[in-house]
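Single-letter residue listing:
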Amino acid sequence: MNTALELKNVSKSFGLVKANKNINLAVEAGSIHGIIGENGAGKSTLMNIIYGMHRADSGEIHFGGQKVDVRSSADAIEHGIGMVHQHFMLVPTFTVLENVMLGTEGGLMLRDGRGAALERLLHLSETYNLQVNPHALVSDLNVGQRQRVEIIKALKGGAKVLILDEPTGVLTPQEADQLFEILKVLRDDGVSVLLITHKLSEIMDITDTVSIMRQGEMVGHRKTSETSPQELAELMVGREVLLEVDRKPATPAEVRFSATNLGYTNAQGVLELDDINFEVRAGEILGVAGVSGNGQTQLMETLAGMRHLTSGSLNILGTEVTAADQTDPRIIRDLGVGHIPEDRHTHGLVLNFEARENMILGFHDTELAGSGTLFDYKAIQQNCEDKMAHYDVRPANPRLNAKNFSGGNQQKIVIAREFSANPGVLLVGQPTRGVDVGAIEFIHKQLLELRDAGCAILLVSVELDEIMSLSDRIMVLCGGQNVGIIDSADADRQTLGLMMAGQRQEAAA
Amino acid sequence: MSTPTPPLPRWADLILLPIINLFAAFFICGLIVLAIGENPIEAMGVMIKGAFVYSGGLGYTLFYTTNYIFTGLAVALAFHCMMFNIGGEGQALIGGLGAALASFGIGLYLPAPLAIPLAVLGAFIAGGIWGVIPGYLQAKRGSHIVITTIMFNFLAASLMVYLLAGPMLEAGQQSPQTAKLAESTLLPKMADILSPLGFDIASTPLNASFLIALGAMAVFYVLVWHTRLGFNIRSVGQNQEAAHYAGINVARTIIITMAISGGFAGLLATNEILGFNHKVVLNFTAGYGFTGIAVALMGRNHPIGIFLAALLFGALTQGGGELDFEFQSITREMVLLIQGMIILFSGALAYMFNPPLARMIAKFVAPKDPANG
C-alpha cells in the first residue's frame, strides 16, 4: 500500500490534559479517510498537529514515506498538506480571486500574481468541479460556495493531503452531497482526503477507511465496507448506543399553541415569514423541516418573543398575541414557554459565566436564585448540582465557565434549565447541533419524555433524520412559507425533499 | 502559528503579572530619570517617603486615592455592562454641581446628620443624570457611548464655566467659584473623626469621603455579584443576545448601569467639594475621570483591585509632588510620565509578559505532570 501520511506514536498534552496519546495513523494515497470521535476526543488537536498549528510533544510524522518536521502551517503547505477549517478563514470584503491569492501575491505589484492565481483557480475549479465565480465578493457567496473557495485555497499549492474539519456542519443536505462529489473527484485524482466528523452517516457514505478516536486515543481502524454505524458508535462512546429512537405513538390533547396568518417583516422590509398557520397540541411534537435559511430562525425567534410578529396572531396557552402587542422574551417565558435556542453560544448561554449562573439565566428573577433581594449562592449552587446530576452534565462542576464544557454538555445545561421549568410549550431549535452521539441519544430521550408528560413541542432542525424520527407531524418551510403539514407516518425523504424545494403537499404526494 | 502558550495560573495572573508590569514601567522611568542626570533609586525613595512616610504623606495619598476609587468604580461598573464610560470627568463635575445645589438648597435648614447624606445624594444623582443621558442615547438611539460621553465632558465643562462665572459666582468674587457651602453639609476631616477615638493623625485633606469610597466599594461588590440587577448587567455585558433571549431588558439595563456609573463618578465631588474645597471651583476634577479608566483596567473591574490601583495612583500623585519639590530637574510632568508608563504597561501591554511568564511557570510545574497523569 502506498501511504501518503503516517503518524507514529504522536502525543500532545495541554497542561495536565492529554489531548492525544500515542496516536498511530496511516492514510493511503488516493483515499478518503474518516476520523470520527465525539467532541473533545482529540480530533482537532491531531489535525492541528499535522497542519503545524500545534507541535507534538513526541512522535513522528511521515509524509510520502519520509519523516518530516512540521513547525508551522507554512511548512505543512510546503509538504503538500492543505486544510479547510471548520470556521472559514476568508476575507468577506475581498473577491474569491483575492482570497485565493492571499499569502501568495507574488512580487510588488499584484498584476502578475493575479494572472497566475486566476489561471490556477480556473484550472482547479474545472478539474474538480468546484464551480465558483472568481470575481464575486466572498460576502455575497453562500456557505457552500465559501467552502469551495476554502478548498481551492487549500489545493492551490498542490496539496496531496486535504484535511476537512467538520465540513458539513454548516451545509444543507444538498450542499453536503455536492461537497462529497467533489471529494470523490479529488480522491480519484490521487489526493488523500482526511475527513473529520462526528456524523456516522457521512463516514458510512463517503469514506474508504475510518479511524475512531476516544478520549485522546485511537481506539480502532476499520475499512468502511467492513464496519457498521452501530460498531462505530460503540467504539466512539465506549458503550452500547441506541441509534434508533424508540418513539411511541403520540396521544395529542388540547391545542396549546397556535399561529394564525403569522407574518414577519424584518427591519429592511423583507417579508421573512409569510402567512404561517399551525397548531401544536399537548403531548405531540411538531417538527419544522426545511433547507437552512428558509425562515426557521425567524419563526423560532418570533414565537419566542425575540422578534415582533408583524401580522397575524399567536395563541399561547390561551393568551392571544398580535402584532400590536410589544412582546418580549420575558412575557412569552412567563406564559409558560420554554425555549432551547438554535445557537446556544449566541443565545442559550453566557459563555463567560459559570455553569451555575447559566443554570438560572432567564430564571434569575425566580426563587431559583434565592427568595431574598440578594442572590443566594447556596441555592444557586444546589440548583445547578441537582440539574447537573439529573441531566448528566459532565464535568459536574457548577463553578466551571460554560465555555469550558464540550458542545454536548453545554447543550445539556441549556436543556436542563429549560426542561426543569416544566414548560407548557417548548420551542426547540437544533437540539443536537454539534453534539456527540452519546448526548444525542440522551437529548432525544428527554424530548420524548417531555412530550409524553404532556408538553406541546415545536422542533426545528436541519437534520432531516432527527425531524423524521422525533416528530408526530411535520411542517415544511420554504421561502418563509408553510408548504404543508404532513403526518410523520406519511413522510419519507422523497416527499419532504420535494416539499423543501417548495412543492405543495398535494403535488408532492 | 506558534504553539499556544499554556494558561497562566490564577494567582500569577492576578498578582505576579501586575507586579511585573509595574516594575517594567518603573524600570523604564528609572532609565529616563538616569538620562536627565538624577539617581533613580534616590528618586524612588523620595517618592515612597513622600507618599507614605512623611507626616501627612499617607493622608494626602489616601485623599487622592479616594478620588481614584470613585472614578475607577464608575468606569468598572460600565465595563461590566461592556459600556466604555469615558465621561467620568463630566459626571464628576456635574456631581459637584449637584452637591452644591443640595448644600445651598437644604443645608441651611437641616442639621449635619440629615444634610450630609442629602448633599452626598445630590452629588450621586447629578452625576447619574449626566451618565444616564448618554446611556439612554446608546440604548434607545444607538449613539455610541464613547462618543456621547466624551461630548458630555465638554458640555459639563462649559456648563460649569457658565455657572461658576455667572449665576453661581460668589458676589464680589473675581475667580470663578461659588460661595462657601452650607456648614452642615461639609464632611468632617478624618483627623477630626479619629482624634476623639484616640488616634492622632496629621491633619490632611483626607475626610469622611474616604469612608464613603469604602462603602461604595462594598455596594459595588454586592450590586455586581449578588443582586439580580448585577446579574442583568453582567449578562448584557458578556452576551447581549443571550441576555435578550433570557428576557432581560437590555436597553433598560444599559440605562440603569450608566445612571449608577455616573453616580459613582459624581461622588468624587463629596471628596473634592464637600470634603476639601468646601465650594465649587473650576476644574476640580483635574483628570481623575480619565485616570479612572486606567484604575479600572488595572484593578480588573473588581473593587479590591480598584482599591489597590487607586492607592498606587494616589501614591504617585502625592509622591510625585514630593519629587517635584526635592529635585531641580524633575518636574510634575515626570509623574505624568510614570503614570503614562504604568498605563502603557498594565493597560495596553498588559499581556506582553504573559507568554514568557506562562512558559516559565509551566516549566516549573510541568515536571510533576507524569507523576500525576
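What counts as what
- Residues numbered from 1 in each chain as written.
- Chains lettered and ligands numbered in written order.
- Predicted model: local features only at pLDDT ≥ 70, side-chain atom pairs only at ≥ 80, totals over all residues.
- Heavy atoms only, no water.
- Helix = DSSP H or I, 4+ residues; strand = E, 2+ residues; numbered from the N terminus.
- Rg over C-alpha atoms; globule rule 2.2 N^0.38 Å.
- Buried < 20%, exposed > 50% of the residue type's maximum accessible area, 1.4 Å probe, protein only.
- Areas by Shrake-Rupley, 256 points an atom, 1.4 Å probe, with all protein chains shown as cover.
- Lys, Arg positive; Asp, Glu negative; His and termini not counted.
- Charge placed at Lys NZ, Arg CZ, Asp CG, Glu CD.
- Phe/Tyr/Trp six-rings, centres within 6.5 Å; stacked < 30°, edge-to-face > 60°.
- Contact = heavy atoms within 4.5 Å.
- Buried area = accessible area lost by both parts, 1.4 Å probe.
- Salt bridge = Lys/Arg side-chain N within 4 Å of Asp/Glu carboxyl O.
- Axes fitted to C-alpha atoms, helices over the stretch in contact; angles between N-to-C directions.
- Left-handed = near helix turned anticlockwise from the far one by under 90°.
- Nonpolar A, V, L, I, M, F, W, Y, C, P; charged D, E, K, R; others polar.
- Pairing = 2+ DSSP bridges.
- Polar contact = N/O pair within 3.5 Å; in protein donor to acceptor, adjacent residues only side chain to side chain.
- Domains from an automatic or database assignment.

Asks: Explain the overall build of chain A to me, and be specific about the residues and the numbers.
Replies: The helix and strand inventory of chain A stands at 18 helices and 20 strands. The C-alpha radius of gyration computed for chain A amounts to 24 Å, which stays within 12% of the reference 23 Å derived for 509 residues, consistent with globular compactness. Taking the principal axes of the C-alpha coordinates as reference, chain A spans close to 70 × 50 × 45 Å. The buried share of chain A, reckoned over its 509 residues, is 54%. When the accessible surface of chain A is split by element, carbon and sulfur atoms take 48% of a total near 21,500 Å². Averaging the locations of the 45 positively and 66 negatively charged side chains of chain A gives two centres separated by 6 Å.

Asks: Give a description of the packing of aromatic side chains that names residues and reports values.
Replies: Following the criterion strictly, the structure yields 16 aromatic pairs over all chains and no others. The rings of F124(B), F220(B), Y221(B), W225(B) and F264(B) are connected pair by pair, giving a single aromatic cluster.

Asks: Lay out the interface of chain B and chain A in plain terms, naming residues and giving numbers.
Replies: One frequently used descriptor of interface size is the decrease in accessible area upon assembly of the parts. Contact with chain B, which involves 24 residues of that partner, is made by 40 residues of chain A. Summed over both sides, the interface between chain B and chain A buries roughly 2,600 Å², with carbon and sulfur atoms accounting for 55% of that surface. Salt-bridge contacts for R234(B) lead to E357(A); the nearest nitrogen and oxygen are separated by 2.8 Å. When residues in the side of chain B that touches chain A are grouped by element, the largest group, six residues, is from helix α9 (residues 228-238) of chain B.

Asks: Account for the packing of helix α5 (residues 112-141) of chain B against helix α6 (residues 145-165) of chain B, with residues named and values stated.
Replies: When two helices pack together, their arrangement is given by the angle between their axes and by how far apart the axes lie. Residues and elements named next belong to chain B. Viewed as axis vectors pointing N to C, α5 and α6 meet at an angle of 145 degrees, and their least axial separation amounts to 9 Å. As for the relative orientation of α5 and α6, their crossing is right-handed in sense. Contacts from W130, I133, P134, G135, L137 and Q138 of α5 reach α6 at I145, T148, T149, F152, L155, A156 and L159. Residue composition of the contact of α5 with α6, by class: nine nonpolar, four polar and no charged.

Asks: Report on the sheet that holds strand β7 (residues 161-165) of chain A, specifying residues and quantitative values.
Replies: All names here are of chain A. In space, the six strands of this open sheet follow the order β6-β7-β8-β3-β9-β10, with mixed pairing throughout. Since the sheet does not close on itself, it has two edges, and those belong to β6 (81-84) and β10 (217-223), each with one partner. Averaged over all neighbouring strand pairs, the angle between strand axes comes to 20 degrees, with direction disregarded. As paired elements, strand β9 (residues 209-214) and β10 share six bridges and run antiparallel to each other.

Asks: Which residues make up the environment of N294(A), and what values do they have?
Replies: Residue and element names in this part refer to chain A. The topology assignment puts N294 in the loop between β13 (285-289) and α9 (296-303). When the C-alpha atoms of N294 and D325 are compared, they prove to be 25 Å apart, with 31 residues separating the residues in sequence. Every residue in contact with N294, bar those within four places of it in the chain, is listed here: L477, C478, G479 and G480. In terms of polar contacts, N294 uses its side chain to reach the backbone amide nitrogen of G479, at 2.7 Å.

Asks: I'd like to hear about the domain arrangement of chain A, residue by residue, with values.
Replies: Residues and elements named next belong to chain A. When cut into domains, chain A gives domain 1 (3-237) and domain 2 (255-508). Here domain 1 and domain 2 have C-alpha centroids that lie 33 Å from each other. Contacts between the two partners involve ten residues from domain 1 and, on the opposite side, nine residues from domain 2. Both faces considered, domain 1 and domain 2 share a buried interface measuring about 830 Å² in area, 61% of it formed by carbon and sulfur atoms. Seen at the junction of domain 1 and domain 2, the total is zero salt bridges. Along the contact surface separating domain 1 from domain 2 lie zero residue pairs in polar contact (both at pLDDT 80 or more).

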